[in-house]
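# Secondary and tertiary structure notes
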Amino acid sequence: MNTSVPLPSDIKLHLKSRTLELIYADGSFELTAEFLRVHSPSAEVRGHGIGNGVLQTGKQHVGIKGVEPAGNYALKIIFDDGHDSGLYTWEYLYDLAHNQDDYWQRYLQQLEAAGASRDNGLIARG
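Here the residue numbers are simple positions, counted from 1 along each chain's written sequence. Local features in a predicted model are, by the rule used here, given only for residues with pLDDT of at least 70; side-chain atom pairs are given and counted only at 80 or more, and totals for whole chains, interfaces and linings are based on all residues. Hydrogens and water molecules were not included; the side-chain quantities draw on all heavy atoms of the structure.

By the bridge criterion, 6 bridges tie strand E2 (residues 19-24) to strand E3 (residues 27-32) in an arrangement that is antiparallel. The residue bridging Tyr 24 from the neighbouring strand is Gly 27, located in E3. Note on pairing: DSSP must find at least two bridges between two strands before they are called paired. Helix and strand assignments follow DSSP, with helices taken as H or I runs no shorter than four residues and strands as E runs no shorter than two, numbered in order from the N terminus.

In structure tokens, the structure reads:
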């Protein structure tokens, strides 16, 4: 096991705000369900090979139903849209937490370039 990647000292699932909080020695990071869903390490999202990734759209309102350990190396996140095939390694979660702003901006740029949206054109009511 690669011990150079810091493990979170605590993980909290906030159902109401649809966030997963990871607490590391250098801080606490809240990752939204949408952020985690569009950055899923699954083949469905990443594709089967470099450059074959599938841009995820319409995930603005996705939530997290649960989180399960996958051995000692990863978390399995179960989303309420039925997606549950991505295993988020500790290394990947640490990277997502610490580079969240950059990854989010890149995602928003990809959406814009594709003429796609976070909500698939739905008008939010509420």
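Time to look at the nonpolar core. What makes a nonpolar core is a set of buried Ala, Val, Leu, Ile, Met, Phe, Trp, Tyr and Cys residues whose side-chain atoms join them at distances within 4.5 Å. Three exposure classes are used, based on accessible area relative to the maximum for each residue type with a 1.4 Å probe and protein chains only: buried under 20%, partly exposed in between, and exposed over 50%. Counting residues in hydrophobic clusters, the biggest one holds 24 residues, and the most contacted among them are Leu 36, Tyr 88, Leu 93 and Leu 96. Per-element tally for this core: the top contributor is helix H3 (residues 90-98), with 5 residues. When residues no more than four places from it in sequence are discounted, the contact partners of Leu 93 are Leu 22, Tyr 24, Leu 36, Leu 75 and Tyr 88. By the convention used here, residues are in contact when the closest approach between their heavy atoms is within 4.5 Å.

Another point: the pattern of salt bridges. Put simply, a salt bridge is a Lys or Arg side-chain nitrogen that is within 4 Å of an Asp or Glu carboxyl oxygen. Scanning the entire structure with this criterion turns up 4 salt bridges. Salt-bridge contacts for Arg 37 lead to Glu 44; the nearest nitrogen and oxygen are separated by 3.4 Å. Residue Arg 37 is classed as buried on the basis of its relative accessible area, which comes to 2%. Through salt bridges with shared partners, a single network forms among Arg 37, Glu 44, Lys 59 and Asp 81.

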